[in-house]
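# An overview of the molecular structure
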Amino acid sequence: MTTLVINEDMSDEDMDKMMSAACDASALLKAISHEGRLMILCALVTGEKSVTELEELLHARQAAVSQQLARLRMEGLVSPRREGKAIYYSLADDRPRRILETIYEMFCTLPSTREG
């Protein structure tokens with residue numbers, strides 16, 4: 001995979017590719033920028049959960065959890081699966097897991113274990 005770097009010799013085609021990638025990255029970052037959505041993604045890193053399980057884990061009302069799941073679904077970050085009356089959610093792909101690992105390392109480790 002080639003990493004593009006903005007420079008004065010960059011072709012219009014490469015600049016367009018970079019702008020498209022920046023738009024995709026921006027959409028992902030906006031989707032996870034709400035603490036409720038971020039917490040849902042954190043809960044789903046360990047595996048599929050029902051809406052009821054997410055409500056209990058996050059101490060949140062069903063309406064709030066469902067609203068945040070709808071946004072995550074719209075952004076393609078979670079996938080639903082229906083089983084009877086229950087709806088289960090899981091991470092749609094590896095993107096959320098990869099970014100959450102970095103966020104966890106930066107913000108969720110104990111101060112005595114942080115490097116720096």
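The following refers to the structure shown. These numbers come from a predicted model, not from an experiment.

Conventions and cut-offs
- Residues numbered from 1 in each chain as written.
- Predicted model: local features only at pLDDT ≥ 70, side-chain atom pairs only at ≥ 80, totals over all residues.
- Heavy atoms only, no water.
- Pairing = 2+ DSSP bridges.
- Helix = DSSP H or I, 4+ residues; strand = E, 2+ residues; numbered from the N terminus.
- Contact = heavy atoms within 4.5 Å.
- Axes fitted to C-alpha atoms, helices over the stretch in contact; angles between N-to-C directions.
- Salt bridge = Lys/Arg side-chain N within 4 Å of Asp/Glu carboxyl O.
- Buried < 20%, exposed > 50% of the residue type's maximum accessible area, 1.4 Å probe, protein only.

## Concerning the sheet that holds strand S1 (residues 49-50)
Overall, antiparallel pairing links the 3 strands, which are arranged S1-S3-S2 in an open sheet. Both outer strands of the open sheet, S1 and strand S2 (78-83), are each paired with one neighbouring strand and no more. Relative to strand S3 (residues 86-91), S2 runs antiparallel, the two sharing 6 bridges. Opposite Val78, over in S3, you have Leu91 as the bridge partner. The sheet contacts of helix H4 (residues 62-74) involve S2 and S3, and relative to S2 the element is tilted by about 120°.

## Observations concerning the pattern of salt bridges
For the structure shown, the criterion picks out 6 salt bridges. Across the salt bridge formed by Glu13 and Lys17, the nearest N and O atoms sit 3.6 Å from each other. Placement of the pair is Glu13 and Lys17 together in helix H1 (residues 12-31), with a separation of 4 residues, close to one helical turn. We classify Glu13 as exposed; its relative accessible area is 52%.

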